[in-house]
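Close look at the chain arrangement
So the chains spell out like this:
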Amino acid sequence: MSAPATKSPAALPEELAAPERTGRRGSALVHRLFVVRELGILAALVLLVLVTVVANPRFLSGQNVRDLLLSAAILTVLAAGQTMVIVTRNVDLSVGSVLGLSAYATGTLLVVAPGTPVVVAVLAGTAVGAVCGLVNGLVVAAAGVPSLVVTLGTLYAFRGLDSLWASSADRLQINAADLPAGFKALGGARLLGVPVLFLVAVAVVLLVGWYLRTFRSGRELYGIGSAPEAARLSGIPVGRRVLTAFVVNGALAGLAGVLYAARFQTLDTTAGTGQELFVVAAAVVGGVAIFGGSGSVYGAALGALLLTTIGTALPQLGLDPFWRDAAVGALILAAIALDRALQLRLAARLRGRNARRDR
Amino acid sequence: MDHASSSAPGRVVLALEDVGKSFGAVAALRGARLELHAGEAHALVGENGAGKSTLVKILAGVHGPDTGRVLLDGQPVTLADPAAARAAGIAVIYQEPTLFPDLSVAENIFMGRQPLLPGRRIDRRTLARRCRELFDRLGVALDPDRPARGLSIADQQMVEIAKALSFDARVLVMDEPTATLSGVEVERLFAVARSLRDSGAAVLFISHRFDEVFDLCDRITVMRDGQWVSTDLARDLTVDQVVRRMVGREVSSLFPKVDVEPGDVVLEVRGLTTRGVFSDVSFDVRAGEIVALAGLVGAGRSEIVRAVFGVDTYDAGTVRVSGKALRKGDPAAAMAAGIALVPEDRRQQGLVMELSVERNATLTRRWQLARAGLLSSRAERAQAAEWSTRLQVKAGKLSDPVSTLSGGNQQKVVLAKWLSTEPRVLIVDEPTRGIDVGTKSEVHRLLSQLAAEGLAVVMVSSELPEVLGMADRVLVVSEGRLVDDIPRARADEDSVMLAATGQGAPSAGAAR
Ligand SMILES: Nc1ncnc2c1ncn2[C@@H]1O[C@H](COP(=O)(O)OP(=O)(O)OP(=O)(O)O)[C@@H](O)[C@H]1O
Ligand SMILES: [Mg+2]
């Protein structure tokens, strides 16, 4: 309520004194809404798991859960990178092709030089991705072409490169038998029962989250997406930051390619096809605003976990694969509606507060 | 005014020499000149479109000059980008707020300059503390952690000011910083600007309000059509002289208000309440009447008119136009009933920046202009041309995007847009914000003339002379309530200010 009428008449000099602060309610409010947002995904996830377990108790068996985490790991790494790009009001649609190219490159390296240490193979795959990201980033940042168009182009270009390489090397498919045992062990390795690949994904998410929150350049990515013109006027090196986001995203897509190779161990030139939209979906479901400026990598990771779980749970519920797509679609719409509702609520509260403060 | 510090001209910190800048065919600057001394407050005045903001953007490193030189401490410099200008110690408050809506207020202020811990990590605690110190200095009651989205335009401006003050600038450039602020906030800003000046910084101040210019500044540079006209000590100038140099001819700054016999009640507002914002607001407006809503910034005036028009919904009360109740929260219905609202925040609410002047000017009446559902662009252009001429919009071509217009000219386009709907009730929120003297009296003449033709006008204004000059009645809003209804005969500076600060004669509900 506005109870100002009862306020004692203030003399003008008093008007000049600093009014009392409204306290930390604004931050608490925003924080709460974000937590609500992430809890929402978590709740959906728990619900889905419960329903599936009731229908099929074996859903929570160790192997099943490990498979789920393995699949989620790849999507999560992609989503973490994609988040960095999306917060700058860009998008990278080429990640599926980058994944494929990097997986194939890593596989080829290991076939040609079976003695390569696993670490070197991981770094090589990541580097391939980083180069792809650099190409995307340079065209977007330097030439100023919209990222949607650029990465749509490189989506096909990188895939084409992959096929070209495979056919000219006359190695259309790499099989598990061709890969060294050391690398194959990575796919099944566990630490305290948890698949190592999943731990890698968790580490990536924590790192990216920490970076985005703690460093100037991380905050500047949000600034760029929130108001590109303001970013320019505040002296943020917009081009360089966007380029960095694309390179890191490319590197992470490359890393995802290595994880893919380690997990599936059978590689052809179709690896990762169609992943790009799944990744963007994971980010959007996780509350990353597609127009940039807001959203967290943790939300995107939860989104990736949820989408993967849907993918594994629905067949176990005996539902047609069609329902998986329908469910993902419904989820995206629900996420957008939820974000809109939260936004409106926040705006309404903040506006009320605006008028209430001031003297 | 006391300008003791101006008598000893300081060292020249920053200078522009014969600077020219063109945007396509538009020559925004040709032969602009400026010399800023350490320890002075320097005013830059000129009509809308004279090139003031363009000059500011050259100092800020946003635009490079086509010709001429920028000198820093006597040395030619190239301010290649905003970061370079910043590094040179030049802080700029732009005419239009440039905030990041998704980021917190504190982050907005310190973006790119956040205090660091070892390892280049952001020191959030120091960040919050420094932000609070700044706000205390400026007397701002904002929560540093709230997002910038949804800030009122005055608060956005305060955040901009805090941003500019957050680093030790040798040169502080302020492009119409006071346009959206109330008297109290302007006083605080000036206090801070004076202390900066006294500590040796140069302050460049741009405003269309001459009382402020003469209050703050030691020297005044006048510009016209992108050219330097004169630079003089403020104490050697009068307002009339400045205006004459700006415009190049005589201008009467009197408000040509004609007296009109009010007709029937057109707009009837009863018991309008939005919890926490305003409560029990009731008033009538008759045809031919100009009613001003006066009060301090943040008193709830804009919120009231937004609710009347239906942009915001409300908790209780009714709005009637010619006796017919309006559905709440339905601006389309309000428009159909003949209400027009010229909003205070032109960027967010009034204009589509990417569209052309003529598109913007006719955006609200596309259906009237459309024949058989098709928009005839000839009709559109004719309308736009008519209103643009009446309001003296200065634009290269009417097909140029609005974003390329000067601030004051954008405001004129907003006015044109709503006036062309031929409303029965016109609500204007700060109609002459950022508009130069000449056009201001033109806008007043226009409003007065429209009222004489039977239009009911509701005007929200923070400029007391405008309120006193134009209004048949002054409704004073204080902290969300109508506290007084002062007829023209009794309205003067004292009666309005006393009521606005909550010290007027208590006459609640007097507004009927
Ligand atoms: N980016 C741009 N593209 C094209 N024309 C521009 C651009 N920026 C400014 N102009 C033009 O340059 C001229 C000067 O504009 P400027 O914004 O400097 O005026 P101003 O003196 O600040 O006016 P105001 O008092 O209205 O703010 C105007 O005619 C404007 O239309
Ligand atoms: Mg300007």
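Here the structure is a predicted model, which is why all the values come from computation and not from measurement.

The subject of this paragraph is the site of ligand 1. Residue and element names in this part refer to chain B. The environment of ligand 1 is formed by 20 residues, the closest being Lys52, Ser53, Thr54, Ser406 and Gly408. One of the side-chain N or O atoms of Ser406 is found 2.7 Å from an oxygen atom in ligand 1. For ligand 1, whose free accessible area comes to 630 Å², the fraction covered by protein is 88%. Only β2 (26-37), α1 (52-59) and α15 (407-419) provide two or more residues apiece to the shell around ligand 1.

Detail in the predicted coordinates should be disregarded across regions flagged by low pLDDT. All names here are of chain B. Residues of chain B with pLDDT of at least 70 account for 88%, and the chain-wide mean is 83. Scored below 50 in pLDDT, residues 366-376 shows 13 contacts in the model against residues more than four places distant or in partner chains. Across residues 506-512, where pLDDT falls below 50, the model places 13 contacts with residues more than four positions away in sequence or in other chains. Our summary of model confidence lists the complex with pTM equal to 0.81 and ipTM equal to 0.82.

Under ideal tetrahedral coordination, the four donors around a metal are separated by 109.5 degrees; under ideal octahedral coordination, the six donors are separated by 90 or 180 degrees. Ligation of the magnesium ion (ligand 2) by protein atoms is provided by Ser53 of chain B (OG) and Gln95 of chain B (OE1), these donors lying 1.9 to 2.0 Å from the ion. With Ser53 of chain B in helix α1 and Gln95 of chain B in the loop between β6 (90-93) and α3 (105-110), this residue pair connects regions lying 42 residues apart in the sequence.

All names here are of chain B. An order of β6-β9-β10-β3-β11-β12 is seen for the six strands of this open sheet, with the pairing classed as mixed. The two strands at the open ends of the sheet, each matched to only one other strand, are β6 and β12 (227-233). Direction aside, neighbouring strands of the sheet carry axes that sit 15° apart on average. Bridge analysis of β6 against strand β9 (residues 171-175) gives four bridges, and the strand direction is parallel.

Residue and element names in this part refer to chain A. Those residues of helix α7 (residues 181-188) lying buried are Phe183, Leu186 and Gly187. All buried residues of α7 lie within an arc of 100° about the axis, which places them on one face of the element. Turned more than 90 degrees away from the buried face of α7 sit Ala181 and Gly188, all of them exposed. Summarising the contacts, the buried residues of α7 are in contact with α3 (62-86), α4 (95-112), α5 (118-143), α8 (196-214) and α11 (238-264).

Moving on, we come to the domain arrangement of chain B. Residue and element names in this part refer to chain B. As far as domains go, chain B holds domain 1 (5-99 + 168-247), domain 2 (102-150) and domain 3 (265-500). In this complex, domain 1 contributes 18 residues to the contact, which on the side of domain 3 involves 18 residues. Between domain 1 and domain 3, roughly 1,500 Å² of surface is buried when both sides are summed, and carbon and sulfur atoms account for 52% of that area. Along the contact surface separating domain 1 from domain 3 lie one salt bridge. Put simply, Glu463 and Arg209 hold a salt bridge, and the shortest N to O gap is 3.6 Å. At the junction of domain 1 with domain 3, the criterion picks out three residue pairs in polar contact (both at pLDDT 80 or more). Here the residues of the side of domain 1 that touches domain 3 are counted per class, giving six nonpolar, six polar and six charged.

As a further point, take the sheet that holds strand β24 (residues 481-487) of chain B. All names here are of chain B. If you walk across this open sheet you meet the six strands as β18-β21-β22-β15-β23-β24, and the pairing is mixed. Each edge of the open sheet is held by one strand with a lone partner, namely β18 (339-342) and β24. Pairs of neighbouring strands in the sheet enclose a mean axial angle of 15°, with direction left out of account. With four bridges joining them, strand β15 (residues 290-294) and strand β23 (residues 473-478) adopt parallel strand pairing. Following the sheet pairing, Ala294 is matched in β23 by Val476. Helix α9 (residues 301-309) contacts β15, β18, β21 (425-429), β22 (456-460) and β23 of the sheet and is inclined by roughly 145° relative to β18.

Right, let's talk about the UniProt feature "transmembrane region" (unreviewed entry) in chain A for a bit. Residues and elements named next belong to chain A. Mapped onto this structure's residue numbering, the UniProt feature "transmembrane region" (unreviewed entry) falls at residues 39-56, 68-87, 107-131, 138-158, 192-212, 242-262 and 274-292. Along residues 242-262, the helical share is 100% and the strand share 0%, with 30 Å between the first and last C-alpha atoms. For the annotated span residues 274-292, helix accounts for 58% and strand for 0% of the residues, and the straight-line distance between the end C-alpha atoms is 23 Å.

Turning next to the environment of Val87 of chain A. Residue and element names in this part refer to chain A. For Val87, the position within the fold is in the loop between α3 and α4. With relative accessibility at 0%, the residue Val87 sits in the buried group. A C-alpha to C-alpha distance of 12 Å links Val87 and Ser217, two positions 130 residues apart in sequence. Discounting residues that sit within four places of it in the chain, Val87 has contacts with Leu221, Tyr222, Gly225, Val288, Gly292, Gly293, Ser294 and Gly295.

On to the pattern of salt bridges. Residues and elements named next belong to chain B. A full pass over the atoms with the stated rule returns 27 salt bridges over all chains. Measuring nitrogen to oxygen at the nearest pair gives 3.2 Å for the salt bridge that ties Asp198 to Arg197. Under the relative-accessibility criterion, Arg197 is labelled buried at 10%.

Phe183, Val208 and Leu307 of chain A together with Phe100 of chain B are the most contacted members of the largest nonpolar core, which totals 86 residues. Here Phe100 of chain B is in contact with Gly223, Ser226, Ala227, Ala230, Ala231, Ser234 and Ile236 of chain A together with Asn108, Met111 and Ala148 of chain B, once residues within four sequence places are set aside. By size, the runner-up hydrophobic cluster in this structure holds 73 residues, among which are Ala294, Leu341, Trp418 and Leu419 of chain B.

With that settled, the discussion passes to unusual backbone geometry. The phi torsion at Arg89 of chain A lies on the positive side, around 65°, for a residue other than glycine. Locating Arg89 of chain A in the fold gives a position in the loop between α3 and α4. Its relative accessible area of 41% is what places Arg89 of chain A among the partly exposed residues. The phi angle at Asp280 of chain B is positive, at roughly 50°, despite the residue not being glycine. One can find Asp280 of chain B in strand β14 (residues 278-286).

What counts as what
Residues numbered from 1 in each chain as written. Chains lettered and ligands numbered in written order. Predicted model: local features only at pLDDT ≥ 70, side-chain atom pairs only at ≥ 80, totals over all residues. Heavy atoms only, no water. Near = heavy atom within 4 Å. Polar contact = N/O pair within 3.5 Å; in protein donor to acceptor, adjacent residues only side chain to side chain. Areas by Shrake-Rupley, 256 points an atom, 1.4 Å probe, with all protein chains shown as cover. Helix = DSSP H or I, 4+ residues; strand = E, 2+ residues; numbered from the N terminus. pLDDT = per-residue confidence, 0-100. Contact = heavy atoms within 4.5 Å. Donors = N, O, S within 2.8 Å, 3.2 Å for Na, K, Ca; no water. Pairing = 2+ DSSP bridges. Axes fitted to C-alpha atoms, helices over the stretch in contact; angles between N-to-C directions. Buried < 20%, exposed > 50% of the residue type's maximum accessible area, 1.4 Å probe, protein only. Arc of directions from axis to C-beta. Domains from an automatic or database assignment. Buried area = accessible area lost by both parts, 1.4 Å probe. Salt bridge = Lys/Arg side-chain N within 4 Å of Asp/Glu carboxyl O. Nonpolar A, V, L, I, M, F, W, Y, C, P; charged D, E, K, R; others polar. UniProt positions renumbered as here; feature names shortened; annotations may be inferred. Core = buried A, V, L, I, M, F, W, Y, C linked by side-chain atoms within 4.5 Å.

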